[in-house]
Amino acid sequence: MMAASPEAFAFPVMSGDIGGTNARFVLIHDQDAAVERIPTLATADFATIEDAMAAAIGDRPEAERPKTAILALAGPITGDRVAMTNNHWVVEPKKLIERFGLSDVILLNDFEALSLCLPGLGTDGVDPIGDGVATPNGARVVVGPGTGLGAGALIQSGGRWVPIPSEGGHIDLGPVSPRDFEIWPHLEQTFGRMSTETLVCGSGMLRLYRGVCAANGVDARFGNEADVAAHGLAGDSPEAVETLALFATYLGRFAGDLALVFTAYGGVYLAGGISARIAPALKSGAFREAFVTKEPHRHLVERMATAIIVKPDPALAGIAHFARRPAEFGVELEGRWWRS
């Protein structure tokens, strides 16, 4: 295992974005070729990540088989055996090297990989929320509710972009408004506490909806978060409408907290399918107001841009940028880079 980034990787490079529900892979055949997108795989359909990668690679000829794998995992990278946070897979780089004849395996936190895409987003890759302005070299934060709640940051140092991995989604979340205090006694906890991820993720939206219904003394009509979101956007269920507004508020509080932590003058960016699906709720005002309500420093966060990432497969785009131009990034690889 080594710490310094290489000047170049051996191609083809297989990059993967492994979440709690889905595994997305692409092949980067050389430094300048367009990526080859492989159909999304459901993690539940495969016993191991090795089996999923074998299905993704298929029966390609030797020249087209990957020599390097760079994988983004939903969870902390710790040692030679990484257990995923929200699915049953265990990732062991040495096994990947042995099975697929790889030269290198690099493991990244999923939101660390997402942060790598931020410099290349451009105006067509984001849907702005509010009127903040991003400074070109300012620190940037990415946040995304999905199966869980992820967060990461990207800062400039020595002319390179340095990603900061994070498990920030697991920090505590507490009630603030009078309505919060009415709902909080009815909310289900996870792991014996109330983390931000408890409410601000897919299953968290359903927990929040049930809490709103219980606080209102009505039965919960919907049994999954997709229905809650759909009826909240349609406006035909008062409890679902309030759930989306609260979801946007709590996401805004969390994003604003991270903006203060990193003084994110480069912007705060929302990733993931949930953010895109509920964009009207996020742009209705609740998210941005919660984001900037950070007295005595409201004047600081009001300057910061917030936006939804609309670029397809942004984590894979970030890994592709890193694989082609590793010298542009200061990725810390100690304990996360395995060589054959």
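Residues numbered from 1 in each chain as written. Predicted model: local features only at pLDDT ≥ 70, side-chain atom pairs only at ≥ 80, totals over all residues. Heavy atoms only, no water.

Asker: What is the right way to look at the pattern of salt bridges in this model?
Answerer: For the structure on display, the rule yields 17 salt bridges. For the salt bridge of arginine 37 with aspartate 313, the shortest nitrogen-to-oxygen distance reads 2.7 Å. You can see arginine 37 sitting in strand E3 (residues 36–42) and its partner aspartate 313 sitting in the loop between strand E13 (306–309) and helix H13 (314–324), a full 276 residues away along the chain. Of the charged contacts, one joins aspartate 127 and lysine 283 as a salt bridge, the two residues approaching to 2.8 Å between their closest N and O atoms. Remark: lysine 283 occurs in the loop between helix H10 (279–282) and helix H11 (286–292) and aspartate 127 occurs in strand E8 (residues 126–129); sequence separation between them is 156 residues. For aspartate 127, a relative accessible area of 24% translates into the label partly exposed. Residue classification places lysine 283 among the partly exposed residues on the basis of a relative accessible area of 41%. One salt-bridge network, in which partners are shared between bridges, spans Glu289, Glu295, Arg298 and Glu302. (Salt bridge = Lys/Arg side-chain N within 4 Å of Asp/Glu carboxyl O. Helix = DSSP H or I, 4+ residues; strand = E, 2+ residues; numbered from the N terminus. Buried < 20%, exposed > 50% of the residue type's maximum accessible area, 1.4 Å probe, protein only.)

Asker: Just checking my understanding: could you explain the pairing of E13 for this structure?
Answerer: Regular strands place side chains that alternate from one sheet face to the opposite one. Burial along E13 is two-sided: the residues Thr306 and Ile308 and Ala307 and Ile309 are all buried. Of the strand pairs in this sheet, strand E12 (residues 267–270) and E13 are connected by three bridges, and their pairing is parallel. In the sheet register, leucine 270 faces E13, and the bridge partner there is isoleucine 308. (Pairing = 2+ DSSP bridges.)

Asker: Sorry if this is basic, but what is going on with H13 here?
Answerer: Owing to its 3.6 residues per turn, the α-helix brings residues three or four apart onto one side. Across the eleven residues of H13, nine count as buried, placing the element largely inside the fold. Of the positions making up H13, those classed as buried are Pro314, Ala315, Leu316, Gly318, Ile319, Ala320, Phe322, Ala323 and Arg324.

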